[in-house]
Structure formats: C-alpha cells, structure tokens
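# Summary of the model geometry
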Amino acid sequence: MSGECVYDLVSASDSLGAGGNVVNVKPAATAKKSRRAPPPTASTFGIHGTSAVVANAGGEYTDASVHPSRKPIGTFGREVGSTVTPENFLRKNEGPLTASRGAPTVDNSAFKKSEYHREKTKPDVPLRNERPVMGLRTEKNFVVANAVENTMAVPTKVTPAPQPRATDREDFGKVPQYITEIKEDMTARKQMLEDHKGAERAAQERWSELSASELAQLLDGLQRRWDALNKDYQTKGFNKLETPSQRAHQELVEKQLVAVEFAIQKLSRQHVFVFDDQK
C-alpha cells in the first residue's frame, strides 16, 4: 500500500475533540435551491423584450442568466386581488369628467322598470301538488236555454253602406279640365293652319306669268346685248392685252357674256313666271 491516507488531509486539531477522541466533521450543508416548474416546452409566452426566442427548448429548469424568460408581470397582468370587482365597471357617461366635457349624464331612474312591466302577462305554472277542481256539475239545460235566447232575441237591422252619388261630387256639371285643354290645342292648330294657307296664297299672288310679247321683247334685247359683247370680246385678242387694265376688261366682258347666255336660256322656256318683290 502507498503511504498516502485520507486522514493525513485532516488536521489533528480539527479531528480531535476535548478528550482526544476523533470527531467526524461534516461539511456545511448547502442551502437547497427551490426548484420551480419549468415553462412550457418551446413556448414564446412571457419572453417579450428578452434575447430568448423560445423558452424551455431542451427541458431547462433554470432561467436565462442575462435576460430572464419569466417576468413578474409577464403572464396576464398584475395581480389586483379583491380591489377590482368585475360587476362594477365604468359605464358610458359615468366618469368623473362627464359634466366638464359637456356630455349628458346618465339618469339611472330612466332604466328602472315601471309597474306595467312588473305585471304578469301569463299565470304561473301550477305546481306538482296542485290538483284541479273536479266533480262540478250544472243543472242548466243548454238546449232549452238556447231555444229561449233565440226566441227572445231582437234581430239586428242590417244597414247597407251608402253608395256614392255622382251628384255629390264637387265637379259635377262642370266641363272637365282636359276637354278645355284639348279645345285650346285644336284652336291653336287651326289658327296655325290658316296662317300657313294665307302665307301660301300671298306668295302665289306675287308670282305673275310673262306674256308672249314681253318674253319676245326681252329675248330680243338680250340677243342684241350678247352680239355687242361678243363683238367686243372677239375684237381684242389675247395677244394684244399688254396692260393689267386691258386684261381685267377682257375678263369682265367674258363674265357678262356668260350671264347673258344664262338669261337667254332661262327665257327660252314656254312659260316664264316673275316674282314681284315690290309688294
């Protein structure tokens, strides 16, 4: 065996007691750390604002060293205990500043039920131990009673509903409005037709037919005018037109020849009418 021993590690003063006996020295008991239940596996609940993405990813029982995954109010809010009553919540227009901001205050008396609402519309359901009254009998003869009632009854007089009379109408005996409108329309149409016919007659009176002598006289005058213009037009050839005034005169003579020829063509018809624009 080697010369090493575990007793060599313990000092004599620590291991020996007052009587020289060996005292077993137990190490100081370490405080047992409380072990809480771990958060749900791979949960994101309650880790807002921490560096952890999920909690308890590998069955960890300890919190993160830098950012704890569980916070004192990271569940459903702070604990309020019995200071808050769910039934006594703040309702509309019941706050402390309701009157200052001009909102109408709530009248609690308006929501109370009146005596009319408290009246029962239907009777209560009978209890299980309640029994109806049975064995009731009557001595009344309904056949005789019905015969007597029908015999003594006074027949009611049926008054027919009054029928509407035509003479009771407000417009009875008066000409209907639509007939008056139709007559006015017909009168206006007749007047317009008469005006149109009068205009046609007046226009026809302003047309007059030329006689044969007048027509021959006009044709003779136009023919002599055409001969004079044609002679003037043929005398001056285009090679002798040296100045602009001579060329303008030649063009004017040509236009007059065309106008005279058109007038002769118009007057060559059998009947020629002339419109009198002086009337």
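Since this is a predicted model, take the numbers as computed values, not measurements.

### Comments concerning the overall build of the protein
Helix and strand counts for the protein come out as six helices and two strands. Evaluated residue by residue, the protein yields a buried proportion of 9% over its 279 residues. For the protein, the share of sequence-separated contacts (at least 6 apart) that also reach a separation of at least 24 residues comes to 48%. Accessible surface, the protein as shown: approximately 26,500 Å² in total, 56% of it carbon and sulfur.

### Details of the packing of aromatic side chains
Per the stated rule, a full pass over the model turns up zero aromatic pairs. When the ring centre of Phe 89 is taken as reference, the NZ or CZ atom of Arg 91 above it lies at 4.1 Å.

### Digging into the pattern of salt bridges
Inspection of the entire model under this criterion finds three salt bridges. We note a salt bridge from Asp 171 to Arg 169, for which the minimum N-O separation is 3.3 Å. Its relative accessible area of 42% is what places Asp 171 among the partly exposed residues. The shortest N-O distance in the salt bridge between Arg 224 and Asp 220 comes to 3.8 Å. Placement of both Arg 224 and Asp 220 in helix 5 (residues 212–235) is noted, with a separation of four residues, approximately one turn of the helix. By relative accessible area, which is 43% here, Asp 220 ends up partly exposed.

### A word on helix 5
The terminal C-alpha atoms of helix 5, which comprises 24 residues, lie 34 Å apart, in line with the 34 Å expected from a rise of 1.5 Å per residue. Buried residues of helix 5: Leu 215, Leu 229 and Tyr 233, and no others. Elements that come into contact with the buried residues of helix 5 comprise helix 6 (244–267).

### Observations regarding the packing of helix 5 against helix 6
Packing of helix 5 against helix 6 leaves a shortest axis separation of 9 Å and a crossing angle of 155°. Between helix 5 and helix 6, the angle falls in the class roughly antiparallel. For the pair helix 5 and helix 6, the sense of crossing is left-handed. Along the contact surface, helix 5 presents Leu 215, Leu 218, Leu 219, Leu 222, Gln 223, Arg 225, Trp 226, Leu 229, Asn 230, Asp 232 and Tyr 233, while helix 6 presents His 249, Gln 250, Val 253, Glu 254, Gln 256, Leu 257, Val 260, Glu 261, Ala 263, Ile 264 and Leu 267.

### Here we look at the nonpolar core
In this structure, Leu 229, Tyr 233, Val 253, Leu 257, Val 260 and Ile 264 together form the largest nonpolar core, which totals six residues. Every element with two or more residues in this core is listed here: helix 5 and helix 6. Of the residues forming this core, the biggest block, four residues, is contributed by helix 6. Non-local contacts of Leu 229, meaning those with residues more than four positions away in its chain, are made with Val 253, Gln 256, Leu 257 and Val 260.

### What about a nonpolar patch on the surface?
Taken together, the side chains of Val 143, Val 144, Val 148 and Met 152 define a hydrophobic patch exposed on the protein surface, amounting to about 420 Å² of accessible area. Overall, Val 148 belongs to the partly exposed group, its relative accessible area being 47%.

### Comments concerning the confidence of the model for the protein
For the protein, the mean per-residue pLDDT works out to 75, and 62% of the residues sit at or above 70. Ranking the elements of the protein by mean pLDDT puts helix 1 (residues 12–15) last, at 49, and helix 3 (residues 142–152) first, at 93.

Each value, and the rule that gives it
Residues numbered from 1 in each chain as written. Predicted model: local features only at pLDDT ≥ 70, side-chain atom pairs only at ≥ 80, totals over all residues. Heavy atoms only, no water. Helix = DSSP H or I, 4+ residues; strand = E, 2+ residues; numbered from the N terminus. Buried < 20%, exposed > 50% of the residue type's maximum accessible area, 1.4 Å probe, protein only. Contact = heavy atoms within 4.5 Å. Areas by Shrake-Rupley, 256 points an atom, 1.4 Å probe, with all protein chains shown as cover. Phe/Tyr/Trp six-rings, centres within 6.5 Å; stacked < 30°, edge-to-face > 60°. Lys NZ or Arg CZ within 6 Å of the ring centre and 35° of its normal. Salt bridge = Lys/Arg side-chain N within 4 Å of Asp/Glu carboxyl O. Expected span 1.5 Å × (residues − 1). Axes fitted to C-alpha atoms, helices over the stretch in contact; angles between N-to-C directions. Parallel < 35°, antiparallel > 145°, perpendicular 65-115°, else oblique. Left-handed = near helix turned anticlockwise from the far one by under 90°. Core = buried A, V, L, I, M, F, W, Y, C linked by side-chain atoms within 4.5 Å. Patch = residues over 30% accessible without salt bridge, like charges linked within 9 Å, V, L, I, M, F, W, Y side chains within 5 Å. pLDDT = per-residue confidence, 0-100.

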